[in-house]
Amino acid sequence: MVTLSHIYTRTGDKGQTRLVDNSLASKSDLRVEAYGLIDEANATIGLALALDDSGVLGADVREALAIVQNELFDVGADIANPLVANPKWEPLRTVQSSIDRLEAWCDAFNEQVPVLRSFILPGGNKVGAQLHVCRTAVRTAERAAWRAAEEFGFEESNDPETTPGGVNMRAITYLNRLSDLLFILSRVANQPAGGGKSDEVLWVPGGERAAEHTPDRNSQRAQHDTAQHGA
């Protein structure tokens, strides 16, 4: 059990914080950036659930997202805990079964939406639009986690006092699969219940947009003449 009796500690006032293994790190440390962005992504998912007052997300989607929110907390803790050989206590790590479950959800929920014939713009109803925000937030966190991995590697440290441990590759893989799932769930949220027109916003390529919005010169001339001389 975790007991939080004091929320502020003053320990970060000098620009430093402690990782899960209690080692001291700068607040600009790439690990700190990565798990901070994971926390931000988690908050965007919480907002998507809070916005669902009309129930466009089914119980199965809400249940999946509730599991994801808990697992994202685990992923953040994982990245905040450098890999070491022979740890004194068993660390909380992202496991393959969690990644497998994300992939199974991707397959299952993707069967509920039409086959894509175009790219999709972020938007639709408010829940679908927010889930697009969620997927981009997770992508941002994934890129930060890769930067941390480029800095610290994926190897376990035998002596954390001299060599910081690396990053768990499964944590980054989890983020990658989660962004795919959130894209699919944005599509699910934008499908109308009981049929009807989808709320999805399809991308219109530049050439097609130009054709749609090219003004009719004859119409423009007629409008000008009407304005000049009256109807």
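Anything mentioned here points back to the structure above.
Residues numbered from 1 in each chain as written. Predicted model: local features only at pLDDT ≥ 70, side-chain atom pairs only at ≥ 80, totals over all residues. Heavy atoms only, no water.

Assigned secondary structure in the protein consists of 7 helices and 4 strands. Reading the secondary structure of the protein in the N-to-C direction produces β-β-α-α-α-β-α-α-β-α-α. The proportion of buried residues among the 231 residues of the protein is 35%. Of the contacts made within the protein by residues no fewer than 6 positions apart, 73% connect residues no fewer than 24 positions apart. As displayed, the protein has an accessible area near 14,100 Å², and 52% of this comes from carbon and sulfur atoms. (Helix = DSSP H or I, 4+ residues; strand = E, 2+ residues; numbered from the N terminus. Buried < 20%, exposed > 50% of the residue type's maximum accessible area, 1.4 Å probe, protein only. Contact = heavy atoms within 4.5 Å. Areas by Shrake-Rupley, 256 points an atom, 1.4 Å probe, with all protein chains shown as cover.)

This next bit is on the packing of helix α4 (residues 126–152) against helix α5 (residues 169–189). Contact geometry for α4 and α5: axes closest at 8 Å, N-to-C directions at 165°. Judged by the inter-axis angle, α4 sits roughly antiparallel to α5. Crossing of α4 against α5: the hand is left-handed. (Axes fitted to C-alpha atoms, helices over the stretch in contact; angles between N-to-C directions. Parallel < 35°, antiparallel > 145°, perpendicular 65-115°, else oblique. Left-handed = near helix turned anticlockwise from the far one by under 90°.)

Further remarks concern the pattern of salt bridges. Enumeration according to the criterion identifies 9 salt bridges in this entry. One salt bridge in this structure joins Arg 147 and Glu 33, with 2.9 Å as the shortest N-O distance. Residue Arg 147 is located in helix α4, and its partner Glu 33 is located in helix α1 (residues 30–51); the two are separated by 114 residues in the primary sequence. Three or more residues joined by partner-sharing salt bridges are found here, namely Arg 139, Glu 142 and Asp 180. (Salt bridge = Lys/Arg side-chain N within 4 Å of Asp/Glu carboxyl O.)

This part covers the environment of Gln 130. Examined against the element boundaries, Gln 130 turns out to sit in helix α4. Taking the relative accessible area as the measure of exposure, Gln 130 reaches 10% and is therefore buried. Expressed as a C-alpha distance, the spacing of Gln 130 and Thr 44, which sit 86 residues apart in the sequence, is 7.4 Å. Contacts of Gln 130, omitting those with residues within four sequence positions, involve Thr 44, Leu 47, Ala 48 and Leu 51.

The full count for this structure, using the stated rule, is 2 aromatic pairs. For the ring pair Trp 146 and Phe 154, a centre distance of 6.0 Å and an interplane angle of 90° mean the geometry is edge-to-face. The exposure class of Trp 146 is partly exposed, given its relative accessible area of 33%. Classification of Phe 154 by relative accessible area gives partly exposed; the value is 34%. When the ring centre of Phe 152 is taken as origin, the NZ or CZ atom of Arg 31, which lies over that ring, is 3.8 Å away. (Phe/Tyr/Trp six-rings, centres within 6.5 Å; stacked < 30°, edge-to-face > 60°. Lys NZ or Arg CZ within 6 Å of the ring centre and 35° of its normal.)

Another aspect to go through is α4. With 27 residues, α4 ought to run about 39 Å at 1.5 Å a step, and its terminal C-alpha atoms sit 39 Å apart, in line with that. Looking at where α4 begins, the residue whose side-chain oxygen comes 3.2 Å from the main-chain nitrogen of Val 127 is Asn 125. Immediately downstream of α4, the backbone of Gly 153 shows phi near 80°, a positive value. (Expected span 1.5 Å × (residues − 1). Polar contact = N/O pair within 3.5 Å; in protein donor to acceptor, adjacent residues only side chain to side chain.)

We now examine unusual backbone geometry. A positive phi angle is found at Asn 86, which is not glycine, with a value near 50°. For Asn 86, the location among the structural elements is in the loop between α2 (59–79) and α3 (96–110). We classify Asn 86 as exposed; its relative accessible area is 73%.

This paragraph deals with the nonpolar core. Residues Leu 65, Val 68, Phe 109, Leu 131, Leu 178 and Leu 181 are the most contacted members of the largest nonpolar core, which totals 43 residues. Elements supplying a minimum of two residues to this core: α1, α2, α3, α4 and α5. Top contributing element to this core by residue count: α5, with 11 residues. With near-sequence residues (within four places) excluded, Phe 109 lies in contact with Asp 60, Val 61, Ala 64, Leu 181, Ile 184, Leu 185 and Val 188. (Core = buried A, V, L, I, M, F, W, Y, C linked by side-chain atoms within 4.5 Å.)

This part is about α5. Its 21 residues place the ends of α5 30 Å apart at the C-alpha level, agreeing with the 30 Å of an ideal helix rising 1.5 Å per residue. With 15 of its 21 residues buried, α5 lies for the most part within the structure.

None of the figures reported here should be taken as evidence of function without further support.
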